[in-house]
Amino acid sequence: MKKILAIAAALALSLSAMADEGMWMLPLLQKMNIKAMKDLGCQLSASDIYKINGSSLKDAVVHFGGGCTGELISKEGLLVTNHHCGYGSIQMLSTPKANYLEDGFWAMTREQEIPVPGLTVTFLESMTDATPAMTKAYEKAIKDYKNSDNIGELAEKARQEAAKQLRDKIAQDNPGCEVDIVNFYNQNVAYIIVTKVYKDVRFVGAPPASLGKFGGETDNWMWPRHTCDFSMFRVYADKKNNPAEYSPLNVPYKAKTALKINLSGVSNRDFTMVMGYPGRTQRFQTADQLEAMMEQYGIAVKARTVRQAVMKEGMESDPAIRLQYASKYASSSNGWKKWQGEQLAFKKLGIIPRERQKEAEFTAWVGQDARRQAKYGKALSQISEGVKGQRQAYADLYTLVESVSRIAPVGFVSTFGQAYSEAASGADSLKASEKAVEAVLAQMKDYNEPLEKKIAVAMLQFYRDNARPEVYLEGLGEDFATMDFKAYVDKLFAESAFTSPEKVKTLLGKRPGDCSDDPAMKLAEAMAARWSELSAPIRASRPLIAEGSKAFTAGLMEWKKDEPSYPDANSTMRLTYGQVMSYSPKDGVIYKHYTTLKGVMEKEDPSNYEFRVPALLKGLYDNKIFGQYADADGNIPTCFITNNDITGGNSGSPVLNAKGELVGLAFDGNWESMSSDVMFEPDLQRCICVDIRYVLFIVDKFGGAGHLLNEMTIVKK
């Protein structure tokens, strides 16, 4: 308990030294942040942002699809997020005849809104600190079992039981909700988080890809930016406003809170805050861990470069293939480019040497006190030993995962087996087989056999060229080191049942075990066997790393108690606050804090798919048909930048002004600070946002869906 109280004290002292840094926990805003926020210009109270009993801004912000953020902009459940967050859903709903991804879409009535199978949005209900109860139970068990040989195991069991009791009680008080225990600060703090998941989400509208993805991979992670990165959906509920599976009888969700939209725009140094669900950061990792991570990223970049080149060639050859592979390519290339940027930033900014220097200073501080030495003295060596024990295995596993596992029939085998297993527990063998076949056929909607054959050859060749011979695949009937991969792939696709919809249908009535002679099954099994072998040392090292990381994090909290401290991102709702701010990426270069529609026209290149500009937009621009969305100079603002601290998962997050009104959507970071998941760089890190005025201009003047604005609360001051 003393350690936890020390951490709490450290948090309380973390005030405003770097107000633009930090992904802060909402229940602690009053204690930790609100004064610094007000000093920057915020006009809200902590309870305006986060309140359990009563509506607050957090009720308008949702976890969209599990990987992005969205926000409600009307009391009728209308939701806005990024175009790239809705990309997979839009692509899934599209066909060559109704290509919503390429052409855009707007529902002109509620009846035209399209259900999106599998898409969910999650509302945060509450966060409760479970640490005191769990720590109390742990310390009591230590006293009760002080003479026991397995005191640690018993104490941990008592801690978990206390957590379960608290979780069960909260679950009883929150029917219809999901209740989870989530750890923070590398297992030093735990919160019970209550959420409500809505499963009937419908597609309302999006601009064409030429706007929603303007700039493509060329502009990705770059500033200046001109992408109109938004899409709109609507949340539906049953007649009691509770979550329900899709039904034509469902009605639009009645929102507790919907964000007001402000059209007055932003100026340099204006206060901004971003609320959302940042995915993962690594700000408590050691230099050894960071070196291993960079090694893994290097492998992934190398493999994806090969795979994406094959995909891109296929996409450019046929519009139908482009539609099928658009989401796959975008998902792969986003990480591919980000990791390259991180590698460059790590080198330019000296991230790992700076981390080693910090660890040396930490070690010196620990060595000054016997109590600290006992608590934290072994932390870094434990982490180092654990990383060393799994580093080669991780390199081998990444090489396998980024190549062989990307071969389509291997993935279909996995889907078939998993779907069968899930269905078999509650159904007979035939029904389970039907479910498994349905699952594979659903994946094959976005599948082109000739292209996948080329990808398979390229991935097998990559694996042979980059894997150690000791971990080559076995059991394929040939020596992997000398195989003719083209001949092998031709045979696999000719003979396997997992290579076309027609063949997959022949699996009806079969179990996974009945497919043991299928060549795709053999390849999947060979990969799985190697996967299992490589995973063993990784699993063995995890407890040592976890123990060391917990102690190291606790030590850092005590050592840096006078500096800002917040837990790593873990897909829980956070708030970051800062300002609209220009920056200088290098000597002699200063970037303004905003861009305009003029830049879209300047970037236009009809010969380049990434920089096409629709004729309708050019007409609106040429004739200055801007409506209420122009700025004071008569321009349409497109994007702006802030110094808010964001990462993946914040995509689609609302960018709010001092009054909590929506002024933009966060959608990217900038190239110069790609190491920000590890170290925040205040002079360089920027959050790239699409201006809400550009969003509404496209909805209204370009999309002709001005009726949607009637649902919104729009202010201009």
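Structure first, text after, so check above.
The shown structure was predicted, so the numbers you read here are calculated from the model rather than taken from an experiment.

Draft legend 1. Spotlight on the overall build of the protein. Tallying secondary structure elements over the protein gives 24 helices and 23 strands in all. Scaling as 2.2 N^0.38, a compact globule of 717 residues should have a C-alpha radius of gyration of about 27 Å, and the protein matches this with 26 Å. Taking the principal axes of the C-alpha coordinates as reference, the protein spans close to 75 × 70 × 60 Å. Looking at the 717 residues of the protein, the share that counts as buried comes to 56%. Nonlocal contacts in the protein, meaning residues at least 24 apart in sequence, comprise 77% of its contacts between residues at least 6 apart.

Draft legend 2. Layout of the state of the cysteines. A complete count under the given rule lists one disulfide for this structure. Shown here is the disulfide that connects C68 with C85, its sulfur atoms set 2.2 Å apart. A torsion of -85° about the S-S bond marks the disulfide between C68 and C85 as left-handed. Here C68, found in strand β3 (residues 68–72), pairs with C85, found in helix α5 (residues 83–93); they are 17 residues apart in sequence, far enough to count as distant. Taken individually, C68 and C85 each receive the classification buried, so the pair is uniform in this respect. The thiol of C687 is unpaired, and the distance to the nearest cysteine sulfur, on C689, comes to 3.6 Å. Given a relative accessible area of 0%, C687 falls into the buried group.

Draft legend 3. How the structure looks around the packing of helix α11 (residues 287–317) against helix α12 (residues 319–349). In the contact formed by α11 and α12, the axes pass within 8 Å of each other and the chain directions differ by 150°. Read as a crossing pair, α11 and α12 show a hand that is left-handed. Tallied by class, the residues present in the contact of α11 with α12 amount to 15 nonpolar, eleven polar and seven charged.

Draft legend 4. Quick peek at the packing of aromatic side chains. What the rule picks out here adds up to 28 aromatic pairs. Summarising the aromatic geometry, the rings of F123 and Y253 are spaced 5.0 Å apart at their centres and angled 40° between planes, so their arrangement reads as tilted. Remark: Y253 occurs in the loop between β12 (251–252) and β13 (261–262) and F123 occurs in strand β7 (residues 121–129); sequence separation between them is 130 residues. Grouping residues by exposure puts F123 and Y253 together as buried. Site record: aromatic cluster; members linked through ring pairs are F64, Y100, F105, F203 and F233. In this structure, R202 is placed above the aromatic ring of Y236, and the distance from its NZ or CZ to the ring centre is 3.6 Å. A cation over a ring is seen here: K337 above W671, with NZ or CZ 5.8 Å from the ring centre.

Draft legend 5. Structural detail: the pattern of salt bridges. Taken as a whole and assessed by the stated rule, the structure comprises 42 salt bridges. One salt bridge connects D446 with K445, and the closest N-O pair in it is separated by 3.8 Å. Where K453 meets D490, a salt bridge forms, and the shortest distance between an N and an O atom there is 3.2 Å. In this pair, K453 is assigned in helix α18 (residues 449–466) and D490 in helix α19 (residues 485–495), connecting sequence segments 37 residues apart. Connected through salt bridges with shared partners, the residues E76, R110, E113, R234, K254 and E711 form a single ionic network.

Draft legend 6. Region of interest: the side chain of H593. Within the secondary structure layout, H593 lies in the loop between β17 (589–591) and β18 (594–596). Beyond its immediate stretch of four places on either side in the chain, H593 contacts W223, V266, S267, N268, V580, M581, S582, C639, F640 and I641.

Criteria and thresholds
- Residues numbered from 1 in each chain as written.
- Predicted model: local features only at pLDDT ≥ 70, side-chain atom pairs only at ≥ 80, totals over all residues.
- Heavy atoms only, no water.
- Helix = DSSP H or I, 4+ residues; strand = E, 2+ residues; numbered from the N terminus.
- Rg over C-alpha atoms; globule rule 2.2 N^0.38 Å.
- Buried < 20%, exposed > 50% of the residue type's maximum accessible area, 1.4 Å probe, protein only.
- Contact = heavy atoms within 4.5 Å.
- Disulfide = S-S within 2.5 Å.
- Axes fitted to C-alpha atoms, helices over the stretch in contact; angles between N-to-C directions.
- Left-handed = near helix turned anticlockwise from the far one by under 90°.
- Nonpolar A, V, L, I, M, F, W, Y, C, P; charged D, E, K, R; others polar.
- Phe/Tyr/Trp six-rings, centres within 6.5 Å; stacked < 30°, edge-to-face > 60°.
- Lys NZ or Arg CZ within 6 Å of the ring centre and 35° of its normal.
- Salt bridge = Lys/Arg side-chain N within 4 Å of Asp/Glu carboxyl O.

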